[in-house]
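For reference, the chains in residue letters:
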Amino acid sequence: MRLWVDHTTHYTFSAPAARGLQRLRLTPKTSAGQSIVAWKIGLEGARQEVEYDDENANHVTLIAFEPGVTEVTIRCEGVVDTNDKAGIVGHHAGYLPLWHFRQPTELTSGGPRLRSLIAGLSGKQDTLEKLHSLSALVRGSVEYGSGHTDTASNAEAVLAAGHGVCQDHAHVFIAAARALGVPARYVSGYLMMKDRVEQDAGHAWAEAMVDGLGWVGFDISNGISPDPHYVRVATGRDYRDAAPVTGIRYGAYDETLHVKLAVAQQRVEQ
């Protein structure tokens, strides 16, 4: 399947920005199940400083605001070929050891609710079966819905709220998998919807390490493993490692953010 992605992030500032730096994790890489046909990032009100691969092997573009800007636009557009790997990404690669993905983080920390969630998982299940059961448990415990959590909500807080979005589902799954001794990581990317092209935001899911298969993806929000409708962009221990845009800015002003995203299938010319 050939997917076209058009993703624009637009900032408006109430006063001229003195300075600002942002890290963009918005460039997917060719990996198992996907091949990058074309990808570009366009900037208005900012300039590119440097590109590099971070500790998670994500491709990062560092940009700086132009002095005195009141608007900054970041537009990513590209084409990605995908194929069905049943969610299997494969062997571990990169700069970080697997034990790194067994360690809890602030966003993937748990407590009594998390322990209660995983208490019912049978120890007789193999790892893959156990992870699919865990995905179903998380989905059943955290109803999909916005407005109940934010980007600082950890796994235990999400379980307490009983509602959350894809980011929250991923954090609870990751926290639980790690509590079971399974390395797990967060994935940010794109998902082509069946009922619309225009979307409000990108998507997030999780991957866990399974002996004999390697990294395997679990989209808890949709109850499936990623298929050709998905584009992987960045991974990390949690959202903060894989966030599409992070950075700092200086100046006493308010900021308004507007995101425009479209993901659609593109016909392949024979």
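For the structure itself, look to the data block above.
Keep in mind the model is a prediction, meaning the values are calculated, not measured. (Residues numbered from 1 in each chain as written. Predicted model: local features only at pLDDT ≥ 70, side-chain atom pairs only at ≥ 80, totals over all residues. Heavy atoms only, no water.)

Undergrad: Can you walk me through the packing of aromatic side chains in this structure?
TA: Remark: the centre distance and the inter-plane angle together describe each pair of aromatic rings, the angle taken between the planes. Counted under the stated rule, the structure contains 7 aromatic pairs. Here Trp39 and Tyr190 contribute two aromatic rings whose centre-to-centre distance is 6.3 Å and whose plane-to-plane angle is 35°, an arrangement assigned as tilted. Note that Trp39 is positioned in strand 3 (residues 34-44) and Tyr190 in strand 10 (residues 184-191), a separation of 151 residues in sequence. One exposure class covers both Trp39 and Tyr190, and it is buried. Taken together, a centroid distance of 5.1 Å and an interplanar angle of 85° make the contact between Trp205 and Tyr230 edge-to-face. A residue pair is termed long-range when its members are at least 10 positions apart, and Trp205 in strand 12 (residues 203-210) and Tyr230 in strand 14 (residues 230-236) qualify at 25 residues. Of the residues examined, Trp205 reaches a relative accessible area of 1% and is grouped as buried. (Phe/Tyr/Trp six-rings, centres within 6.5 Å; stacked < 30°, edge-to-face > 60°. Helix = DSSP H or I, 4+ residues; strand = E, 2+ residues; numbered from the N terminus. Buried < 20%, exposed > 50% of the residue type's maximum accessible area, 1.4 Å probe, protein only.)

Undergrad: Mind showing me how you'd approach the pattern of salt bridges here?
TA: If charged atoms from side chains of opposite charge come close, those side chains can pair. Scanning the model with the defined rule gives 12 salt bridges in all. With a shortest N-O distance of 3.5 Å, Glu66 and Arg47 are connected by a salt bridge. A residue pair is termed long-range when its members are at least 10 positions apart, and Glu66 in the loop between strand 5 (59-65) and strand 6 (71-82) and Arg47 in strand 4 (residues 46-53) qualify at 19 residues. Under the relative-accessibility criterion, Glu66 is labelled partly exposed at 30%. Between Glu255 and Arg249 there is a salt bridge whose closest N-O contact spans 2.9 Å. Residue Glu255 is classed as partly exposed on the basis of its relative accessible area, which comes to 35%. Taken together, the shared-partner salt bridges connect Asp6, Arg75 and Glu77 into one network. (Salt bridge = Lys/Arg side-chain N within 4 Å of Asp/Glu carboxyl O.)

Undergrad: I keep staring at the sheet that holds strand 16 (residues 255-265) and nothing clicks. Help me out?
TA: Strands belonging to one sheet form pairs held by backbone hydrogen bonds; the direction of such a pair is parallel or antiparallel. Taking strand neighbours across the sheet as the criterion, the 5 strands line up as 3-6-1-16-11 in an open arrangement whose pairing is antiparallel. Single-partner strands in this sheet number two, and they are strand 3 and strand 11 (198-199). Alignment of strand 11 against strand 16, held across 2 bridges, turns out to be antiparallel. Bridging across to strand 16, Gln199 finds its partner in Leu261. (Pairing = 2+ DSSP bridges.)

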